[in-house]
Amino acid sequence: LSENADGKYISPFHDIPLFAGSKEDKEIPAKRSKTTGSEVLFNMIVEVPRWTNAKMEIATEEPLNPIKHDTKKGKLRYVANIFPHKGYIWNYGALPQTWEDPNHTDNITGCCGDNDPIDVCEIGSKVRSSGEIVQVKVLGVLALVDEGETDWKIIAINIDDVKKHKPGYLEATVDWFQLYKVPDGKPENHFAFNGEFKNKDFAVEIIKSTHEHWKALLHKKVDGGTIKCTNILVSGSPFCCSEEDARSIVQSAPAFMNGDPVSPEVDSWYFFPK
């Protein structure tokens, strides 16, 4: 669960603005953005720090959507190391206020959305921490088709020319997504566009469309099923609640931890972004 600069509990899914430097900026614990000319910067929520294996993610089906260690069949989930990589090879996370609608068939990939915020691979050199909000520049997008669902992977960074500064990184990214489920006994993933990265303008259009799907979700224009839309900052949303309501949601949740990951024996845990 997130606490913003004013100590209010907020949803990292719904209450952090998608576009960095927007008027709601004071509401989030992120640095004010300096947009360079026409460059659009986005807020990214880091779920998984680079080189780690625990599958941390925004719990879309829990009130206020804490970042938690994902489980499958009662077991905590970890990604395997895909030789020669260690864990996740970027800081991995999501863009807030976006949603890949599972009832919407993408006209590019022919597959439905995966019911989550859009994923981001942040390829800068710093190892980030889980829950951190980073302002990123979008470089492009990879169209992963994962178990029959469209799962766009936005490639973003805090530098310019990625091929020059990070030779081999984009090829490694395709390799990683193709193979990461194979150690679990699943087939290789495939991609739309033969695994080619589409450019920044294309990526920004994909992000904007998932932002529109999120708006429809938060304003009850579409049915989100089990997704929890409780928020405190989205004006006009029927799911908007008071700070007091948010505090009582947090206090009635299972024990949450402030700080570093705890031992794998703990079933699931909550923490506050830095």
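Above this text sits the structure in question.
This structure is a prediction, so every number in the text was calculated from the model and none was measured. (Residues numbered from 1 in each chain as written. Predicted model: local features only at pLDDT ≥ 70, side-chain atom pairs only at ≥ 80, totals over all residues. Heavy atoms only, no water.)

1. A closer look at the packing of aromatic side chains
Tallied over the full model, the rule gives 13 aromatic pairs. Considering the side-chain rings of tyrosine 88 and tryptophan 90, the 6.4 Å spacing of their centres and the 70 degrees angle between planes classify their relative orientation as edge-to-face. Here the two residues tyrosine 88 and tryptophan 90 agree in accessibility, since each one is buried. Linked through ring pairs, Tyr88, Trp90, Tyr92, Trp176, Phe177 and Tyr180 together constitute an aromatic cluster. Of note, arginine 50 hangs over the ring of tryptophan 51, and the distance from its end group to the ring centre comes to 5.3 Å. Geometry around phenylalanine 202 places lysine 198 over its ring, the cationic atom sitting 5.7 Å from the centre. (Phe/Tyr/Trp six-rings, centres within 6.5 Å; stacked < 30°, edge-to-face > 60°. Buried < 20%, exposed > 50% of the residue type's maximum accessible area, 1.4 Å probe, protein only. Lys NZ or Arg CZ within 6 Å of the ring centre and 35° of its normal.)

2. Section: helix α3 (residues 200-218)
Relative to the 27 Å expected for 19 residues at 1.5 Å per residue, α3 spans 27 Å between its end C-alpha atoms, a close match to the ideal helical length. Of all the positions in α3, only Ala203, Val204, Ile206, Ile207, Thr210, His211, His213, Trp214, Ala216, Leu217 and Leu218 are classed as buried. Buried residues belonging to α3 abut β3 (41-48), β11 (133-146) and β12 (149-157). In this structure asparagine 199 caps α3, since a side-chain oxygen of it lies 3.3 Å from the backbone nitrogen of aspartate 201. (Helix = DSSP H or I, 4+ residues; strand = E, 2+ residues; numbered from the N terminus. Expected span 1.5 Å × (residues − 1). Contact = heavy atoms within 4.5 Å. Polar contact = N/O pair within 3.5 Å; in protein donor to acceptor, adjacent residues only side chain to side chain.)

3. Remarks on the layout of surface pockets
The volume enclosed by the largest pocket comes to roughly 840 Å³. Residue lining of the largest pocket: 35 residues in total, with Lys55, Glu57, Asp70, Arg77 and Asp116 positioned closest to the centre. Elements with a minimum of two residues in the lining of the largest pocket: β3, β4 (56-58), β5 (67-69), β6 (71-72), β8 (91-94) and β12. (1 Å grid on protein atoms, 1.4 Å probe; cavity = no way out; pocket = protein on both sides within 12 Å on 5 of 7 lines; lining within 4 Å. Points joined across faces, edges and corners; volume = space filled by probe spheres on them.)

4. Some remarks on the pattern of salt bridges
Per the counting criterion, the structure on display carries 11 salt bridges. The residue glutamate 62 makes a salt bridge to lysine 68 at a minimum N-O spacing of 2.7 Å. For lysine 68, a relative accessible area of 12% puts it in the buried group. When the shortest N-O distance is used, the salt bridge between aspartate 70 and arginine 77 registers 2.7 Å. Each member of the salt-bridge network shares a partner with another, and the members are Asp146, Glu147, Lys181 and Lys186. (Salt bridge = Lys/Arg side-chain N within 4 Å of Asp/Glu carboxyl O.)

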